[in-house]
Amino acid sequence: MINTKVNYFLCTFFICINLQSHVSFSQNYSDSAQYVKFNSIASRFARQGNTDSALYYRKTAKEFAKQPLQEAKVNLAIAWDYFDKRQFDSASFQVAYNFEKPTSFFSSRKLIRELALSYHFIKNIYNHRGDYDNAEKALLKVIDLIEKDSIDESILIATYMDLGSNHFRKSDYDKAMKWGKKSLIAAQNSHLPQAKSQEIRSYLLLGEIYWKKNELEKSSNHFKYVLSSISNMPDGDERDYL
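About the criteria used
- Residues numbered from 1 in each chain as written.
- Predicted model: local features only at pLDDT ≥ 70, side-chain atom pairs only at ≥ 80, totals over all residues.
- Heavy atoms only, no water.
- Helix = DSSP H or I, 4+ residues; strand = E, 2+ residues; numbered from the N terminus.
- Buried < 20%, exposed > 50% of the residue type's maximum accessible area, 1.4 Å probe, protein only.
- Contact = heavy atoms within 4.5 Å.
- Areas by Shrake-Rupley, 256 points an atom, 1.4 Å probe, with all protein chains shown as cover.
- Core = buried A, V, L, I, M, F, W, Y, C linked by side-chain atoms within 4.5 Å.
- Expected span 1.5 Å × (residues − 1).
- Phe/Tyr/Trp six-rings, centres within 6.5 Å; stacked < 30°, edge-to-face > 60°.
- 1 Å grid on protein atoms, 1.4 Å probe; cavity = no way out; pocket = protein on both sides within 12 Å on 5 of 7 lines; lining within 4 Å.
- Points joined across faces, edges and corners; volume = space filled by probe spheres on them.
- Nonpolar A, V, L, I, M, F, W, Y, C, P; charged D, E, K, R; others polar.

K.L.:
Looking at this structure, I do not really get the overall build of the protein. What am I missing?
P.N.:
Along the backbone of the protein there are 10 helices and zero strands. Across the protein, helices and strands are ordered from the amino to the carboxyl terminus as α-α-α-α-α-α-α-α-α-α. Residues classed as buried in the protein amount to 40% of the 242 residues present. Of the contacts made within the protein by residues no fewer than 6 positions apart, 53% connect residues no fewer than 24 positions apart. For the protein, the accessible area works out to roughly 14400 Å², and carbon and sulfur atoms hold 54% of it.

K.L.:
Explain the nonpolar core to me, please; I cannot follow it from the model alone.
P.N.:
Soluble globular proteins tend to bury their nonpolar side chains together. Within the largest apolar cluster, 40 residues are counted, with the highest numbers of intra-cluster contacts made by F121, I125 and I146. For this core, the secondary-structure elements that each account for two or more residues are α1 (2-47), α2 (51-62), α3 (68-84), α4 (88-99), α5 (109-128), α6 (132-146), α7 (153-169) and α8 (173-188). Non-local contacts of F121, meaning those with residues more than four positions away in its chain, are made with L76, A79, W80, F83, A91 and V95. One finds M161, I200, Y210 and V226 within the second-largest nonpolar core, a separate group that totals 13 residues.

K.L.:
In this structure, what is going on with α5? I would like to understand it.
P.N.:
Spacing of three or four residues puts side chains on the same side of an α-helix, whose turn is 3.6 residues. Spanning 20 residues, α5 covers 29 Å between terminal C-alpha atoms, matching the ideal 28 Å at 1.5 Å per step. G130 sits one or two positions beyond α5 and adopts a positive phi of about 75°.

K.L.:
When you look at the packing of aromatic side chains in this model, what are you seeing that I'm missing?
P.N.:
Aromatic ring pairs are described here by two measures, namely the spacing of the ring centres and the angle between the planes. With the rule as written, the count across this model stands at 14 aromatic pairs. Taken together, a centroid distance of 5.4 Å and an interplanar angle of 75° make the contact between W80 and F83 edge-to-face. Placement of the pair is W80 and F83 together in helix α3, with a separation of three residues, close to one helical turn. When its relative accessible area of 33% is taken as the criterion, W80 is described as partly exposed. Geometrically, the ring pair formed by F105 and F106 is edge-to-face, given 5.0 Å between the ring centres and 80° between the ring planes.

K.L.:
Before we go on, may I ask you to explain the layout of surface pockets in this structure?
P.N.:
One simple way to see leftover space: roll a probe sized like a water molecule over the atoms. Approximately 290 Å³ is the volume found for the largest pocket. What lines the largest pocket is a set of 14 residues, among which W80, H120, K123, N124 and D162 lie closest to the centre. Breaking the lining of the largest pocket down by element, the ones donating at least two residues are α3, α5 and α7. Here the lining of the largest pocket is built from residues that sort into six nonpolar, five polar and three charged. Of the voids in this model, the second largest pocket is the one considered here, and its volume is about 200 Å³. Looking at side-chain class alone, the lining of the second largest pocket contains seven nonpolar, two polar and three charged residues.

K.L.:
I tried to follow α6 on my own but got confused; where do I start?
P.N.:
Taking 1.5 Å as the rise per residue, α6 with 15 residues should run 21 Å; its terminal C-alpha atoms sit 21 Å apart, in good agreement. As for α6, its buried residues are in contact with α5, α7 and α8.

Structure (structure tokens):
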């Protein structure tokens with residue numbers, strides 16, 4: 001009799017555990033599906049330039065973002081929506097959610113990439129405010145996050161060039177040259193599809209720097225390379241290089 005009761009108790013216990021696991025799995029799957037659905041709708045509106053609708057659906061997606069990567073991505077996406085609406089304080093506030101997370105939150109390469117993109121985003125806010133020193137700090141933080149472990153080559157090249165552009169705005173042409181050349185070398189050594197675009201942008205930046213340094217022949221050669229590269233592209237592709 002006792003064994004029967006024990007067996008009944010154990011069976012009931014394991015059935016409850018399995019049911020709870022099934023409910024938890026179903027809930028997580030449902031949340032993930034809703035997140036994907038609303039985020040996709042938001043992205044479609046964003047591409048159409050309808051930032052109000054994009055923001056509405058992006059915030060709805062955030063309610064279903066239960067995974068760390070989903071949460072980091074949607075925080076940054078909402079920040080971009082606010083940026084497109086030129087609501088820069090709201091954009092800063094939104095992306096700050098990613099900066100407030102503990103280090104342990106960014107436990108994978110994909111999460112580290114999102115954190116790097118968040119710092120890359122906030123430099124836009126600083127540049128808009130003319131705060132080039134803090135923009136530089138944000139960009140250097142990106143390099144700290146992704147350079148050592150080669151998290152994302154494309155972001156790294158763009159960051160080198162943004163540092164060059166940042167110093168160019170400050171009329172610090174020697175440092176601008178340093179980062180511009182680093183961007184150019186990295187782009188030329190890259191096999192990424194966007195490497196050619198990044199190479200051309202690096203040439204354009206260096207041409208502007210040489211112009212400011214009154215090294216006119218070098219400036220001219222860089223600009224000629226840019227024009228030659230663009231003219232050799234298939235029709236319609238020029239917009240990707242300017």
